[in-house]
Amino acid sequence: MRVHIADHPLITHKLTVLRDKHTPSPTFRQLTEELVTLLAYEATRNVRVTPVQIETPVAQTMGVAIATPRPIVVPILRAGLGMLEGMTRLLPTAEVGFLGLVRDEETLQPVTYAERLPDDLSNRQCFVIDPMLATGGSLIAAIDYLFDRGAVDVTAVCLLGTPEGLAATEEATKGRDVTIVLGALDERLNEKGYIVPGLGDAGDRLYGLAH
Ligand SMILES: O=P(O)(O)OC[C@H]1O[C@H](OP(=O)(O)OP(=O)(O)O)[C@H](O)[C@@H]1O
Ligand SMILES: O=c1cc[nH]c(=O)[nH]1
Ligand SMILES: [Mg+2]
């Protein structure tokens, strides 16, 4: 498993505002979109391209186009939806599949409540988006869905992660082509499975629903 942790002052600045408990939902949504666009630059570094010939006003030249089959972007509902617009802005031709997972806050196990993915992901590059990698349970479940359907590689883009979540994901995805791109690696999980210092419940902060 490859892990890339962002190291850029703009990303750290935007994450600082996102973490602040006084930041209201509209600003939180805007920053989430901006952050995913910055992280997507790194996450798409190995996107498959194919050579194309084009004509500029001056000469013929070779360039590249995103290869087919098209990549697929999979937001993990609910919080991952907040990253979709920023991701598809960089990959406008990507297909979008959906996975609805919610963590049981007692057991910390993910429960699947929605799934709308292509049946066959053979030879597809997949990008999973979810702001939080806490215990890793939700991301591992998402990665399993994708490889079970034939995905060749999965890149996950998360705003915050933990050492515990990374270790669990590494253990569960051994032998598979998995890359994780993080905005920041936080200190730890607390006794309730929340990321410390984290930003709280990403879904609630994006969409404003109380438990
Ligand atoms: O690594 P884990 O321990 O599995 O926790 C991370 C998951 O928790 C959050 O979703 P949540 O279950 O709160 O659902 P929501 O997006 O609907 O709020 C988050 O968006 C991840 O999907
Ligand atoms: O800190 C956390 C952990 C899981 N899910 C969240 O939204 N936040
Ligand atoms: Mg939540």
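What counts and how
Residues numbered from 1 in each chain as written. Chains lettered and ligands numbered in written order. Predicted model: local features only at pLDDT ≥ 70, side-chain atom pairs only at ≥ 80, totals over all residues. Heavy atoms only, no water. UniProt positions renumbered as here; feature names shortened; annotations may be inferred. Helix = DSSP H or I, 4+ residues; strand = E, 2+ residues; numbered from the N terminus. Rg over C-alpha atoms; globule rule 2.2 N^0.38 Å. Buried < 20%, exposed > 50% of the residue type's maximum accessible area, 1.4 Å probe, protein only. Contact = heavy atoms within 4.5 Å. Areas by Shrake-Rupley, 256 points an atom, 1.4 Å probe, with all protein chains shown as cover. Lys, Arg positive; Asp, Glu negative; His and termini not counted. Charge placed at Lys NZ, Arg CZ, Asp CG, Glu CD. Donors = N, O, S within 2.8 Å, 3.2 Å for Na, K, Ca; no water. Patch = residues over 30% accessible without salt bridge, like charges linked within 9 Å, V, L, I, M, F, W, Y side chains within 5 Å. Salt bridge = Lys/Arg side-chain N within 4 Å of Asp/Glu carboxyl O. Near = heavy atom within 4 Å. Polar contact = N/O pair within 3.5 Å; in protein donor to acceptor, adjacent residues only side chain to side chain. Nonpolar A, V, L, I, M, F, W, Y, C, P; charged D, E, K, R; others polar.

- As recorded in an unreviewed UniProt entry, the chain goes by Uracil phosphoribosyltransferase and comes from Ruicaihuangia caeni.
- The UniProt entry for the chain carries the following comment under Function (unreviewed entry): "Catalyzes the conversion of uracil and 5-phospho-alpha-D-ribose 1-diphosphate (PRPP) to UMP and diphosphate."
- The UniProt entry for the chain carries the following text under Pathway (unreviewed entry): "Pyrimidine metabolism; UMP biosynthesis via salvage pathway; UMP from uracil: step 1/1."

### A look at the overall build of the chain
Okay, step 1: The helix and strand tally for the chain stands at six helices and 13 strands.
Okay, step 2: Its C-alpha atoms give the chain a radius of gyration of 17 Å, within 12% of the compact-globule value 17 Å for 211 residues.
Okay, step 3: Relative to its 211 residues, the chain shows a buried fraction of 47%.
Okay, step 4: Of all intrachain contacts in the chain linking residues separated by at least 6 positions in sequence, the fraction that spans at least 24 positions is 69%.
Okay, step 5: Accessible area of the chain: about 10,600 Å², with a carbon and sulfur share of 54%.
Okay, step 6: Counting 19 positive and 27 negative side-chain charges, the chain places the averaged centre of each group 3 Å from the other.

### Brief notes about the coordination of the magnesium ion (ligand 3)
Okay, step 1: Coordination of the magnesium ion (ligand 3) by the protein involves Asp 201 (OD) and Asp 201 (OD), with metal-donor separations of 2.6 to 2.7 Å.
Okay, step 2: Considering the arrangement of structural elements, one finds Asp 201 in the loop between β13 (195-196) and α6 (202-207).

### Some remarks on a nonpolar patch on the surface
Okay, step 1: Taken together, the side chains of Val 3, Ile 5 and Leu 185 define a hydrophobic patch exposed on the protein surface, amounting to about 210 Å² of accessible area.
Okay, step 2: One can find Val 3 in strand β1 (residues 2-5).
Okay, step 3: With a relative accessible area of 39%, Val 3 lands in the partly exposed category.

### Quick notes on the site of ligand 2
Okay, step 1: Surveying the vicinity of ligand 2 reveals the residues Arg 103, Met 132, Ala 134, Gly 193, Tyr 194, Ile 195, Gly 200, Asp 201 and Ala 202.
Okay, step 2: Between Gly 200 and ligand 2, the recorded distance is 2.8 Å, taken from a backbone N or O atom to a nitrogen atom.
Okay, step 3: Interatomic distance of 2.8 Å between a backbone N/O atom of Ala 202 and an oxygen atom of ligand 2.
Okay, step 4: Compared with its free state, where it exposes 240 Å², ligand 2 has 89% of that area covered by protein.
Okay, step 5: Residue composition of the shell around ligand 2, grouped by class: five nonpolar, two polar and two charged.

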